[in-house]
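What follows is the residue order along each chain.
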Amino acid sequence: MSRICELTGKGRMVGNNVSHANNKTKRTFLPNLQNVTLLSDALEQAFKFRVSASGLRSVEHVGGLDNWLLKTSDEKLSTNARKVKKAVSKKQAAAA
């Protein structure tokens, strides 16, 4: 399973470990991924995602999963999140 946030697209970054003697060796910085269940208000259903901790804070700041999905571009979202986004937008269009 790849280490990529399903909602923000945040992945691993590459950098250097730097010793006291200024020797540099490659290392990776992995995102803090958590398995979470997020509720959709429009669909009245729960969905499981693998989300970074900062991504989870962002979703809560925007006002929930539905608002986040409608605001975010499809390139950042996983295929599972795109399916949920399509269902949410279809449900909101039917309600309007």
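Here, the structure is the one placed above.
To keep things clear, this report deals only with the structure shown in the data block.

Reading guide: rules and limits
Residues numbered from 1 in each chain as written. Predicted model: local features only at pLDDT ≥ 70, side-chain atom pairs only at ≥ 80, totals over all residues. Heavy atoms only, no water. Phe/Tyr/Trp six-rings, centres within 6.5 Å; stacked < 30°, edge-to-face > 60°. Lys NZ or Arg CZ within 6 Å of the ring centre and 35° of its normal. Helix = DSSP H or I, 4+ residues; strand = E, 2+ residues; numbered from the N terminus. Pairing = 2+ DSSP bridges. Expected span 1.5 Å × (residues − 1). Buried < 20%, exposed > 50% of the residue type's maximum accessible area, 1.4 Å probe, protein only. Arc of directions from axis to C-beta. Contact = heavy atoms within 4.5 Å.

Re the packing of aromatic side chains
And then number 1: Across all of its chains, the model carries zero aromatic pairs by this definition.
And then number 2: Looking at Arg 27, its charged tip hangs above the ring of Phe 29, at a distance of 3.9 Å from the centre.

Structural notes on unusual backbone geometry
And then number 1: In the Ramachandran plot, Asn 22 falls in the positive-phi region, its phi being about 65° despite a non-glycine side chain.
And then number 2: Within the fold, Asn 22 resides in the loop between β1 (13-18) and β2 (24-29).
And then number 3: Here Glu 44, not a glycine, exhibits a phi torsion of approximately 50°, which is positive.
And then number 4: Looking at where Glu 44 falls in the secondary structure, it is placed in the loop between β3 (33-40) and β4 (45-52).

A closer look at the pairing of β3
And then number 1: Sheet topology note: the β3/β4 ladder contains eight bridges and is antiparallel. Residue Thr 37 lies in a different strand from β4, and its bridge partner there is Lys 48.

Considerations on helix α3 (residues 79-95)
And then number 1: Taking 1.5 Å per residue as the helical rise, α3 with its 17 residues ought to reach 24 Å, and the 25 Å between its terminal C-alpha atoms agrees with that figure.
And then number 2: Within α3, burial applies to Ala 81, Val 84, Lys 85 and Val 88. Buried residues in α3, looked at end-on, bunch into an arc of 105°, giving them a common side. Opposite the buried face of α3, by more than 90 degrees, sit the exposed residues Thr 79, Lys 83, Lys 86, Lys 90, Ala 93 and Ala 94.
And then number 3: Of the surrounding elements, those touching the buried residues of α3 are β3, β4 and α2 (65-71).

Without other data, these values stay purely geometric and don't point to any function.
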